[in-house]
Amino acid sequence: MTTTLFISPGACAMASHVALLEAGIPHETRVVDLKKGDQRTPEFLAVNPAGSTPALKTDQGVITQNAAILAWAAQTTPEKALAPLDDAFAYARFNAFNGWLASSLHPALGKVLFSRPPLEGAAKDEAVEAARVKLDLAEQHLVDGPWVFGETWTLADGYLMVFERWARQAELLDAARFPKLNAHLDLVQSREAVKRMLADEGLTPV
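Structural notes, computed from the coordinates.

What counts and how
Residues numbered from 1 in each chain as written. Predicted model: local features only at pLDDT ≥ 70, side-chain atom pairs only at ≥ 80, totals over all residues. Heavy atoms only, no water. Salt bridge = Lys/Arg side-chain N within 4 Å of Asp/Glu carboxyl O. Helix = DSSP H or I, 4+ residues; strand = E, 2+ residues; numbered from the N terminus. Buried < 20%, exposed > 50% of the residue type's maximum accessible area, 1.4 Å probe, protein only. Axes fitted to C-alpha atoms, helices over the stretch in contact; angles between N-to-C directions. Parallel < 35°, antiparallel > 145°, perpendicular 65-115°, else oblique. Contact = heavy atoms within 4.5 Å. Nonpolar A, V, L, I, M, F, W, Y, C, P; charged D, E, K, R; others polar. Pairing = 2+ DSSP bridges. Right-handed = clockwise from strand over helix to strand, strands pointing away.

What follows covers the pattern of salt bridges. Throughout the structure, instances matching the rule amount to 7 salt bridges. With a shortest N-O distance of 2.9 Å, arginine 191 and glutamate 22 are connected by a salt bridge. Here arginine 191 is found in the loop between helix H7 (179–188) and helix H8 (192–200), whereas its partner glutamate 22 is found in helix H1 (residues 14–23), with 169 residues between them in sequence. Residue classification places arginine 191 among the partly exposed positions, given a relative accessible area of 23%. The exposure class of glutamate 22 is buried, given its relative accessible area of 14%. Its salt-bridge partner being aspartate 174, residue arginine 132 comes within 3.3 Å of it at the nearest N-O pair.

The axes of two packed helices give the description: the angle between them and the distance between them. At their nearest, the axes of H1 and helix H3 (residues 66–76) sit 9 Å apart, and the two run at 5° to each other. In this view, H1 runs roughly parallel relative to H3, as classed from their interaxial angle. Note on element contacts: H3 touches H1 through Asn66, Ile69, Leu70, Trp72 and Ala73, opposite Ala15, Ser16, Ala19, Leu20 and Ala23. Across the contact of H1 with H3, the residue classes break down as 8 nonpolar, 2 polar and no charged.

Judged by how many residues are buried, strand E1 (residues 3–7) sits mostly within the fold: 5 of 5 residues are covered. Inspection of the sheet shows E1 paired to strand E2 (residues 27–31) by 5 bridges, in the parallel sense. Bridge assignment links isoleucine 7 to a residue of E2, and that residue is valine 31. Handedness of the crossover joining E1 and E2 through H1: right-handed. Of the strand pairs in this sheet, E1 and strand E3 (residues 55–57) are connected by 3 bridges, and their pairing is antiparallel. Note that in E3 the partner of threonine 4 across the bridge is lysine 57.

Any link to function would need more than the numbers given here.
Next comes the structure, spelled out in structure tokens:
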């Protein structure tokens, strides 16, 4: 099996990059420079017409969206126990959490960090607090600790890490308000696969 993962360093595709490393799936990475507009080139649009990363090119075709790539990686390497595949309810919770990250936390943080032109004044304050409310939900109700689902690492932990990194870099992940998320981020960044992903993407722990 050969796979190619299209990424933009530091973007949400970090989750899929970690998943392939945790699963031990042979792959190469290709950088899509979002600032240069690589996502709008005919070459990349032929891979993913939506013009976004991640995109995973496999022998069977292309998979997009982190949640789908994580599920594929876990099911492709069940011996790695990267998701609770043998428990229908637990696997549904795994997919629900990843869906929440994609549909709720990502847009909330993205509005704060990536709006163009940048938000200012009351609009920025409102977006920041809305993002913190989403982080509150994860802190208080969605993350069991030390991992998302308690004592067992899953690929959901690598996905949550993306947004914890963004929040910490933007000084939104207050230590007093989010002790569990801060501890989780530090723990995830200590994993060997995550260290490899960061090095591959030219990044460092935050």
